Amino acid sequence: MAMSVPANSQWNRFLARPALVLGGALLIGLLLGHPWPALAIAALGLLGGQQLRLRRLVQRLSARQRIPVGTGKDAWSDLDQLLHRSQEETRHRAQRLVEMLRAYRAAAAALPDAVVVLDRDTQRVQWFNEAAGHLLGLRYPEDTNAPLAERLRPLPIANWLAGGRYAEALLDVPSPLDASTRLSLRLIPYSDRFWLLVARDVTKLMHLEHIRRDFVANVSHELRTPLTVIHGYLEMLDPQEQPDWAPILAEMRRQSQRMTQLVEDLLTLSRLESQDSLNEEVVAMDSTLATLCREAEALGTGRHVVSVEDRAGVDLLGSPRELHSAFSNLVSNAVRYTPAGGSIDIVFELDGDGGAILSVRDSGYGIPEAHLPRLTERFYRVSTSRSRELGGTGLGLAIVKHVLQLHQARLEVTSEVGQGSTFTCRFPAGRSVARAGQEVDA
Ligand code: ADP
């Protein structure tokens with residue numbers, strides 16, 4: 001509520017008292033026969049009075065005291081009231097802000113996840129909640145302002161912080177207090193000055209994931225032997241001896257082959273998932289590309305135009321077996337999802353940062369955009385019937401994704417329905433090795 005004083009009343013408040021004092025002094029002066037000295041004394045008295053009230057007000061304001069509301073009717077009392085009101089409003093606003101801040105802090109402190117506020121430049125701890133104590137071992141007040149990477153030294157924090165806002169979440173790291181507690185860490189930049197580190201206890205989740213992985217691996221392993229037996233017997237049966245059974249036999253063979261492939265792919269995925277890193281060696285890319293070209297031609301039985309371009313002049317550092325399996329999956333998809341007469345181009349080149357790129361481009365059916373983000377999920381298919389018909393298991397791209405992750409590489413897919421698709425594997429610079437006798441130019 002704003003206080004306003006009417007204009008004529010302002011006139012009264014500002015001038016009535018001085019006019020009265022000066023008028024009275026003039027009258028007394030005239031009666032005494034010395035009007036000027038009386039007027040001068042009255043004016044000085046008025047000025048002194050104003051100075052005194054001004055000084056008192058300034059003193060009270062600078063002492064940050066509450067200003068008592070003036071009861072008088074003059075301009076000083078108006079000023080008192082206005083200042084009092086604005087002081088009260090500011091005080092209320094500040095109180096509300098403090099309460100809000102306390103509520104946010106209490107909420108952050110009560111979170112079951114560890115929350116640490118970091119200074120972005122110094123990477124020192126600014127604030128942390130209670131959970132940061134029992135998940136990360138931070139202690140108050142010793143660790144306030146401590147450098148986080150040093151404080152959590154057993155964790156691979158330094159490299160990760162160097163990645164800043166681009167750092168990917170660390171998914172399964174041991175707690176510095178107890179290695180059996182598994183944590184997932186995320187770095188969230190939330191202002192120009194601060195980052196938020198959030199650590200979540202994922203021990204139970206990781207345990208379940210472990211059980212799931214073991215279960216799939218065990219089931220796949222157990223299925224392998226009976227399938228080999230069935231497959232073996234089916235191969236022994238001669239359809240010519242029982243012509244009526246020929247189509248049934250052919251279907252049984254096809255299905256048993258599909259099941260065998262499914263089991264092999266599941267075992268491959270389990271093996272990849274249980275690895276954190278791979279045995280690394282130099283993978284000769286010229287021979288790998290030649291093999292991929294041969295495989296594409298054999299699988300397509302000459303129905304496609306296959307081309308290979310090796311523009312990179314580097315080799316890759318990684319696992320020859322896994323990389324071949326990933327590239328081969330992409331080539332096999334390109335062949336299977338491209339009708340006869342289409343083209344398949346395999347290109348190996350360098351990117352601007354010294355990394356290497358292998359892309360498999362086809363002129364096939366293409367993939368609607370809505371499906372692209374989910375392609376690497378297990379058993380995700382754009383068209384289940386087409387995938388089955390073409391002998392797919394729905395696990396090929398999941399295998400590709402895992403192999404690339406183990407090489408710190410990533411898969412990119414672009415596609416247009418009816419025009420074809422391009423699957424691109426991007427390897428970081430650290431994975432390119434100069435080929436013997438060749439210079440690398442990015
Ligand atoms: P699948 O064994 O079914 O081919 P993948 O994991 O290899 O399984 O691929 C998943 C799905 O992505 C496929 O079912 C198919 O719908 C789609 N896909 C993969 N590669 C291509 C491609 N080159 N062209 C069109 N669709 C593709």
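Residues numbered from 1 in each chain as written. Predicted model: local features only at pLDDT ≥ 70, side-chain atom pairs only at ≥ 80, totals over all residues. Heavy atoms only, no water.

A.B. asks: Please give an account of the domain arrangement of the chain that cites residues and values.
C.D. replies: In terms of domain boundaries, the chain breaks down into domain 1 (8-106), domain 2 (111-201), domain 3 (205-273) and domain 4 (281-434). Taking only C-alpha atoms into account, the centre of domain 1 sits 56 Å from that of domain 2. (Domains from an automatic or database assignment.)

A.B. asks: How would you sum up the sheet that holds strand β11 (residues 410-416)? Please name residues and give values.
C.D. replies: Ordered by their spatial adjacency, five strands build an open sheet running β7-β9-β10-β12-β11, and the pairing between neighbours is mixed. The strands lining the two open edges of the sheet, one partner per strand, are β7 (305-310) and β11. In this sheet, neighbouring strand axes are inclined to one another by 10 degrees on average, regardless of whether the strands run parallel or antiparallel. Two strands pair when backbone bridges link them, and strand β9 (residues 343-350) and strand β10 (residues 356-362) are joined in this way by seven bridges, in the antiparallel orientation. The residue of β10 that forms the bridge with aspartate 345 is arginine 361. (Pairing = 2+ DSSP bridges. Helix = DSSP H or I, 4+ residues; strand = E, 2+ residues; numbered from the N terminus. Axes fitted to C-alpha atoms, helices over the stretch in contact; angles between N-to-C directions.)

A.B. asks: Give me the lowdown on the sheet that holds strand β6 (residues 281-283), citing residues and values where you can.
C.D. replies: Spatially, three strands are ordered β6-β8-β13 in an open sheet, and the strand pairing comes out antiparallel. The open sheet is flanked by β6 and β13 (432-434), the only strands paired with a single partner. Put simply, the sheet's adjacent strands are angled 45 degrees from each other on average, direction ignored. As defined by bridge partners, β6 adjoins strand β8 (residues 314-318) across three bridges and the pair is classed as antiparallel. Counted as the bridge partner of valine 282 is leucine 317 from β8. Docked against the sheet, helix α10 (residues 320-336) engages β6 and β8, running at close to 110 degrees with respect to β8. (Contact = heavy atoms within 4.5 Å.)

A.B. asks: Before we move on, could you go through the confidence of the model for the chain and cite the residues and values that matter?
C.D. replies: Of the residues in the chain, 94% reach a pLDDT of 70 or more, and the chain-wide mean stands at 88. β10 holds the highest mean pLDDT among the elements of the chain, 98, whereas helix α11 (residues 384-389) holds the lowest, 77. (pLDDT = per-residue confidence, 0-100.)

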